[in-house]
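# Examining the three-dimensional arrangement
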Amino acid sequence: GAKGVVTNVPYITSLPHFTTVPHNPVPLDAATAGYLNSAAAYGAYNAGIQGAFAYLVGLGAVSQADADLEIAKRTINFSASSNNAVVIMDENLTDLTAINPALVSMRQATAEDLLVLPAMSFIGTLAIPGNPQTVNGVAIPLADKWVLTPEEQLEIKTATDNFNNTIASVASANGLAVVNFRDLLIQASTTGLSEGGFTFTTDFVTGGLVGLDGIHLTSRGYAALANKFLEAIDATYGSNFIAAGVKADIGSYPTNFPEEL
């Protein structure tokens, strides 16, 4: 019989921890791109992929159409530009290592992949110090922990929806107030969220809502969320926190970012 207020769970695609690092942050000159595409590097992998799928098609284990799709997905190609895609491991690719141990399940990332925020300081480092041929994300594929593939994102969204359905059901059954934090963050990540004279977004650093870990809110963001809790309490229990002006003064709370940011 206790009164209370709960919030649901946001989608990870609304959090800058998962949306800040681009899939294609690698600058390369012509010489480096040419080497990476050569038979001494990924050219051998690309040829091996084609041979392995030709073998599987010949066995009838996979159709030519499906083989062509995965060959295209797995073919690694670099160019002389500032926006080459990183190379990642992808457990959802066909395991070809029984045919050739060198044909590990790797591919270049696409815009549909989400790289986590710490990858920003990892991509471009050397797996073997002093060896320029061991650049992480280029010569060395990013491990699973650095990226969420579309398949993994779908699993997370399904779990999030299930949690939120349970939260809504339990709250309704017990007469609890609910703050729709999921939709608030969707709004902040798309059109912007206006509250207390501020417009918040989920842009990293500049958005004002989410802190430097890309997940937790800033002090100002939590103040804005506190007012949303008071609005939900008023709507559910007939109180008048907002009407009486008993709410957080958002402007008095900092975002706590270093000046150089």
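For the structure given in this document, a descriptive report is provided here. Since this is a predicted model, take the numbers as computed values, not measurements. Residue positions are given per chain, counting from 1 as you read along its sequence in written order. Residues qualify for local features only when their pLDDT is at least 70, as the model is predicted, and side-chain atom pairs are given and counted only at 80 or more; totals for whole chains, interfaces and linings, by contrast, use all residues. The side-chain quantities take in all heavy atoms of the structure and omit both hydrogens and water.

For helix H6 (residues 181–190), every residue scored as buried is listed here: Phe181, Leu184, Leu185 and Ala188. Down the axis, H6 shows its buried residues gathered within 95° of arc, on one side only. The elements touched by buried residues of H6 are strand E1 (5–7), strand E6 (177–179), strand E7 (193–195), strand E8 (198–200) and helix H7 (219–237). Counting from the N terminus, the helices are DSSP H or I runs at least four residues long and the strands are E runs at least two residues long. A positive backbone phi angle near 100° is found at Gly192, which sits one or two residues after H6. Residue exposure (1.4 Å probe, protein chains only): buried if accessible area is under 20% of the type maximum, exposed if over 50%, otherwise partly exposed. Think of it as the arc spanned by the lines of direction from the helix axis to the C-beta atoms. For this analysis, residues touch if any pair of their heavy atoms sits within 4.5 Å.

A positive phi is found at Val205, a non-glycine position, where the angle reads about 70°. Structurally, Val205 is set in the loop between E8 and H7. Taking relative accessible area as the criterion, Val205 reaches 14% and is therefore assigned buried.

When we look at burial in helix H4 (residues 64–74), the residues that qualify are Ala67, Glu70, Ile71 and Arg74. Down the axis of H4, the buried side of the element spans an arc of 105°, and every buried residue falls inside it. Opposite the buried face of H4, at more than 90 degrees from it, the exposed residues are Leu69 and Ala72. Considering only its buried residues, H4 is in contact with helix H3 (42–59) and strand E3 (106–108).

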